[in-house]
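These are the residues of each chain, in order.
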Amino acid sequence: MKIIAVDDNKKDLKIISDIVKDILPDSEYDAFEDPLSALALAREKEIDIAILDIKMPELDGIELGRFLKELNPFINIIFLTSHKDYGFEAMEMHASGYMIKPATKDKLNEELAELRYAEKYNSHKRVFVQTFGNFEIFVDGKPVDFKYKRTKEMVAILVANKGAQTTNGEIIANMWEDEGDPDKKVSYLGNIRQDLQNTFSDLKLEGIILKQRGSMAIAKDRIDCDLYDWLEKKDASKYKYAGDFMNQYSWSEFYHADLDDELYGYDF
């Protein structure tokens, strides 16, 4: 379970941090005085619980909470504040809790017992990616329907590259090889990137694709994937690689050698 606390007051932040570490010692926890730094982390990792002060410079807790919910609609937000007059905003956001400072162990335990989205629902991710056999991407159990077929193929390339930033040139080389007008390829790539952004935005999946100038990557820790599970767990994985990988794409053949090495344990 991933938990963050955000409070520009160092003393208050230490109090809540000590309580979280005491109550939930096995959780992954980060504390931030700067709300923008917390938001940056949430774009890379899926947050299960956010404990937010409300009165903060640059970005207050209510605004931060809205951004966090856009990234993960199932996040549990608990406001921790000295002010009683933001209850309506918290209710409007469907926050999980509202605590008045000072934080105490009992108060936090009460809020954790009444989480809007319980931990068991956050133990699995909304996105599942199938790579063995034909490639498919599912959100909440349903296949994603993109406007362009090539958009799905672009996601397949990002998944195959296992979280590494993949340049526009690499994507184009895989999808079109030496076919067609280069300028038209670049233009079409722009269209499918926009299709990807629109589709994932509609599905509330901001943060799944990590963008840099001229390149993209899949956020590995925000998806479940048969390939990633098998590479990590091998025989303990419920998924098994048997020589079939993203069969509908010709470029997938270039990945078979590495996967075969993993399967048979070649050591050169």
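Look up: the structure comes first, before these words.
Within every chain, residues take consecutive numbers counted from 1 along the sequence as written. Owing to the predicted nature of the model, reporting of local features is limited to residues with pLDDT of at least 70; listing and counting of side-chain atom pairs is limited to 80 or more, with chain, interface and lining totals taken over all residues. Calculated side-chain values reflect all of the structure's heavy atoms, with hydrogen atoms and water omitted.

Student: Teacher, can you tell me more about the pairing of strand β4 (residues 76-81) here?
Tutor: The side chains of a regular strand alternate between both faces of the sheet. Type-normalised accessible area, obtained with a 1.4 Å probe on protein chains alone, sets the label of each residue: buried when under 20%, exposed when over 50%, and partly exposed for intermediate values. What counts as a helix is a DSSP run of H or I of at least four residues, what counts as a strand is a run of E of at least two, and both are numbered from the N terminus. The element β4 is largely enclosed, with a buried count of 6 among its 6 residues. Side chains of β4 alternate between two faces, with N76, I78 and L80 and I77, F79 and T81 buried alike. Direction of pairing for strand β3 (residues 49-52) relative to β4: parallel, over a ladder of 4 bridges. Each bridged residue has a counterpart across the sheet, and for L52 the counterpart in β4 is F79. Throughout, right-handed denotes a crossover for which the path from the first strand over the helix to the second runs clockwise when the strands point away from the viewer. For the crossover from β3 across helix α3 (residues 61-71) to β4, the handedness is right-handed. Direction of pairing for β4 relative to strand β5 (residues 97-100): parallel, over a ladder of 4 bridges. Within β5, the residue paired with T81 across the bridge is I100. Two strands qualify as a pair provided DSSP detects at least 2 bridges between them.

Student: Is there a simple way to explain empty space enclosed by the protein in this structure?
Tutor: Taking a probe equal in size to a water molecule and rolling it over the atoms shows the remaining empty space. Only protein atoms enter the 1 Å grid used here. Points where a 1.4 Å probe fits but cannot escape make up a cavity, open sets with protein on both sides within 12 Å along at least five of seven lines make up a pocket, and a residue lines them when an atom lies within 4 Å of a point. Grid points are joined across faces, edges and corners, and a volume is the space filled by probe spheres set on the points. Taken as a whole, this structure holds 2 cavities of 30 Å³ or more when the rule is applied. Of the pockets and cavities examined, the largest cavity occupies roughly 60 Å³. If you trace the largest cavity, you find it lined by E46, L71, N72, P73, R126, V127, K204, L205, E206, I208 and R222. Nonpolar residues are Ala, Val, Leu, Ile, Met, Phe, Trp, Tyr, Cys and Pro. Charged residues are Asp, Glu, Lys and Arg, and all others, Gly as well, are polar. Partitioned by chemical class, the residues of the lining of the largest cavity number 5 nonpolar, 1 polar and 5 charged. Within this model, the second largest cavity holds a volume of roughly 30 Å³. Forming the walls of the second largest cavity are D12, I15, L80, K101, P102 and A103. When the residues that make up the lining of the second largest cavity are grouped by side-chain class, the tally is 4 nonpolar, no polar and 2 charged.

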